[in-house]
Amino acid sequence: MQRILLAGLIGLIFGSGIALSGMANPAKVLNFFDLAGTWDPSLAFVMGGALLVTAIGYRFVLKREKPVLEGRFHLPTSRKLDLPLLGGSAVFGVGWGISGFCPGGAIPALGLGEASAWAFVGAMLAGIFAARTIRVALEQRTAQIV
């Protein structure tokens, strides 16, 4: 129960920051990508601030033996740039550029009544389901060959 409450609190703080910074507004995000038109650099400041806070936070948190509510840290072990990572990154970037939403901005936008956020979140969930279905099918096919 403590983990759920803490996750909810963290999500509320994150979502509030996204909403207050304007990043739940797809037009504001799309203006960041419009270098030749109505360019708005505020997204760079929001991301830069988030990067600064994260870098400082990681320095403190990773000095701990383990997380507060977990038995160990779950950090990436692979540094390999493979097709799923690069492809997923490309799809994420294209989706963000077309819609003006990333998952971090779309979820708070749902609460703000942003209609296009519902379409984005639906498409995102469909994409997650499709990717998992394809991955499982490929793993099963590979297991049959071996």
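Placed above this text is the structure.
Structural notes, computed from the coordinates. Treat the numbers as computed from the prediction; the structure is a model and nothing was measured.

### Details of the overall build of the protein chain
For the protein chain, the count of helices and strands is 6 helices and 0 strands. In sequence order, the secondary structure elements of the protein chain are arranged as α-α-α-α-α-α. Relative to a compact globule of 146 residues, whose C-alpha radius of gyration would be 15 Å, the protein chain shows 18 Å and is clearly more extended. Reported as C-alpha extents along the three principal axes, the dimensions of the protein chain are approximately 55 × 40 × 30 Å. Within the span of the protein chain, comprising 146 residues, buried residues form 17% of the whole. On the protein chain, roughly 11100 Å² of surface is accessible, and the fraction owed to carbon and sulfur atoms is 71%. Within the protein chain, the 7 negative side-chain charges are centred at a point lying 10 Å from the centre of the 12 positive side-chain charges.

### Quick word on the packing of aromatic side chains
One pass over the full model with this rule turns up 5 aromatic pairs. Where F33 meets W96, the ring centres are 5.3 Å apart and the plane angle is 85°; that geometry is what we call edge-to-face. Separated by 63 residues along the polypeptide, F33 in helix 2 (residues 26-33) and W96 in helix 4 (residues 83-99) bring together distant segments of the chain. Residue classification places F33 among the partly exposed positions, given a relative accessible area of 37%. Accessibility expressed as a relative area gives 14% for W96, which makes it buried.

### Observations concerning the packing of helix 2 against helix 4
Closest axis-to-axis distance for the helix 2/helix 4 pair is 8 Å, and the angle between their directions is 110°. What the angle tells us is that helix 2 and helix 4 run roughly perpendicular. Counted together, P26, V29, L30 and F33 of helix 2 and W96, G97, I98 and S99 of helix 4 form the full contact between these two elements. For the contact of helix 2 with helix 4, the class distribution of residues is 6 nonpolar, 2 polar and no charged.

### Some words on the side chain of D40
Within the secondary structure, D40 sits in the loop between helix 2 and helix 3 (42-61). A polar atom in the side chain of D40 sits 3.0 Å from the side chain of K28. The residues touching D40, leaving out its near neighbours within four places in the chain, are K28, N31 and F32.

### So, the pattern of salt bridges
Applying the stated criterion across every chain yields a total of 2 salt bridges. For the salt bridge of E70 with R3, the shortest nitrogen-to-oxygen distance reads 2.6 Å. Placement of E70 in the loop between helix 3 and helix 4 and of R3 in helix 1 (residues 2-21) is noted, with a sequence separation of 67 residues between them. According to the relative accessible area criterion, E70 is partly exposed, its value standing at 26%. The residue K28 makes a salt bridge to D40 at a minimum N-O spacing of 3.0 Å. Here the residue K28 occupies a position in helix 2, and D40 occupies one in the loop between helix 2 and helix 3, the gap between them amounting to 12 residues. The exposure class assigned to K28 is partly exposed, which follows from its relative accessible area of 23%. The class of D40 is buried, set by a relative accessible area of 19%.

Definitions and limits used
Residues numbered from 1 in each chain as written. Predicted model: local features only at pLDDT ≥ 70, side-chain atom pairs only at ≥ 80, totals over all residues. Heavy atoms only, no water. Helix = DSSP H or I, 4+ residues; strand = E, 2+ residues; numbered from the N terminus. Rg over C-alpha atoms; globule rule 2.2 N^0.38 Å. Buried < 20%, exposed > 50% of the residue type's maximum accessible area, 1.4 Å probe, protein only. Areas by Shrake-Rupley, 256 points an atom, 1.4 Å probe, with all protein chains shown as cover. Lys, Arg positive; Asp, Glu negative; His and termini not counted. Charge placed at Lys NZ, Arg CZ, Asp CG, Glu CD. Phe/Tyr/Trp six-rings, centres within 6.5 Å; stacked < 30°, edge-to-face > 60°. Axes fitted to C-alpha atoms, helices over the stretch in contact; angles between N-to-C directions. Parallel < 35°, antiparallel > 145°, perpendicular 65-115°, else oblique. Contact = heavy atoms within 4.5 Å. Nonpolar A, V, L, I, M, F, W, Y, C, P; charged D, E, K, R; others polar. Polar contact = N/O pair within 3.5 Å; in protein donor to acceptor, adjacent residues only side chain to side chain. Salt bridge = Lys/Arg side-chain N within 4 Å of Asp/Glu carboxyl O.

Everything listed here is a matter of coordinates, which is why it stays silent on function.
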